[in-house]
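# Structural features, examined
The lines below spell out each chain.
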Amino acid sequence: MITPTHIGRVPDVKNLSASVGKTPTGKYLVLLNWGYDDNGNLREWEVYRALRDTAGGNYSFLQPPVKIPSYADSTIPAFAEDSIFVYYKVVPVGNDRFLGRPGITRVTLYKK
């Protein structure tokens, strides 16, 4: 049996965490932070977001890709519900354009 060469080729996202706050103008601010083991094959991370999706599968790309293991999202649109689920997916991209194992997290935003 041949071992696939793509497994472990790009560092995995580790310990993805999210914290929720507000901007000075009152918008929601979600701060994402994560870790990784640098193996020399990491170009950037792509960050995706899904709103109101209980399965967390309908993601939109948040531009641009990031070069450091953190992301601040203050572009969450206003919502009419009492609360919504917001899913984030962080995908590591190797220098060779291979994709690593993503990290996924969910936060719940509440209207006050």
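These notes cover the structure that comes with them. (Residues numbered from 1 in each chain as written. Predicted model: local features only at pLDDT ≥ 70, side-chain atom pairs only at ≥ 80, totals over all residues. Heavy atoms only, no water.)

## Some details on the overall build of the protein
Applicable threshold: Each helix is a run of H or I in the DSSP string that is no shorter than four residues. Each strand is a run of E no shorter than two, and both are numbered from the N terminus. Remark: exposure states derive from per-residue accessible area (1.4 Å probe, protein chains only) relative to the maximum for the residue type, with buried under 20%, exposed over 50%, and partly exposed in between. Residue contacts are defined here by distance: any two heavy atoms, one from each residue, within 4.5 Å place the two residues in contact. Exposure was quantified through the Shrake-Rupley algorithm and a 1.4 Å probe, taking into account, for residues, occlusion by the shown protein chains and nothing else. A residue counts as positive if it is Lys or Arg and as negative if it is Asp or Glu; His and the chain ends are not included. Charge positions come from single atoms, namely NZ of Lys, CZ of Arg, CG of Asp or CD of Glu.
Across its full length, the protein carries 0 helices and 7 strands. From first element to last, N terminus to C terminus, the protein shows the α and β order β-β-β-β-β-β-β. Dimensions of the protein, computed from the C-alpha atoms along their principal axes, are close to 55 × 30 × 20 Å. Looking at the protein residue by residue over its 112 residues, the buried ones come to 36%. Long-range contacts, defined here as pairs at least 24 residues apart, represent 63% of the contacts in the protein between residues at least 6 apart. Carbon and sulfur atoms provide 52% of the accessible area of the protein, an area that totals close to 6900 Å². Across the protein, the centroid of the 14 positively charged side chains sits 4 Å from that of the 10 negatively charged ones.

## A look at the pairing of strand β2 (residues 28–35)
Let me state the cut-off plainly: Only when DSSP finds a minimum of two bridges between them are two strands counted as paired.
What you see with β2 is a clean split: Tyr28, Val30, Leu32 and Trp34 sit on the buried side and Leu29, Leu31, Asn33 and Gly35 on the side with no burial. With 7 bridges joining them, strand β1 (residues 14–22) and β2 adopt antiparallel strand pairing. Within β2, the position partnered with Val20 by the bridge is Val30. The hairpin turn running from β1 into β2, its antiparallel successor, is 5 residues long, and Gly26 in that turn takes a positive phi close to 95°.

## Examining the packing of aromatic side chains
As a reminder, the rule being used: Whether two aromatic rings pair depends on their centres lying within 6.5 Å, for rings of Phe, Tyr and Trp, where Trp uses its six-membered ring; planes under 30 degrees apart make the pair stacked, over 60 edge-to-face, and the rest tilted. Two conditions define a charge sitting above a ring: the NZ of Lys or the CZ of Arg must be within 6 Å of the ring centre, and it must be within 35 degrees of the ring normal.
This structure, assessed with the given rule, holds 5 aromatic pairs. Ring geometry for Tyr48 and Phe61: centres 5.3 Å apart, planes at 55°, overall tilted. Within this pair, whereas Tyr48 is found in strand β3 (residues 44–51), its partner Phe61 is found in strand β4 (residues 60–66), the two being separated by 13 residues in sequence. Pairwise contacts between aromatic rings join Trp34, Tyr36 and Trp45 into one cluster. The cationic tip of Lys89 hangs over the ring face of Tyr48; the distance from NZ or CZ to the ring centre is 5.6 Å. Across from the ring centre of Phe79, 5.8 Å away, lies the NZ or CZ of Lys111, which sits over that ring.

None of the figures reported here should be taken as evidence of function without further support.
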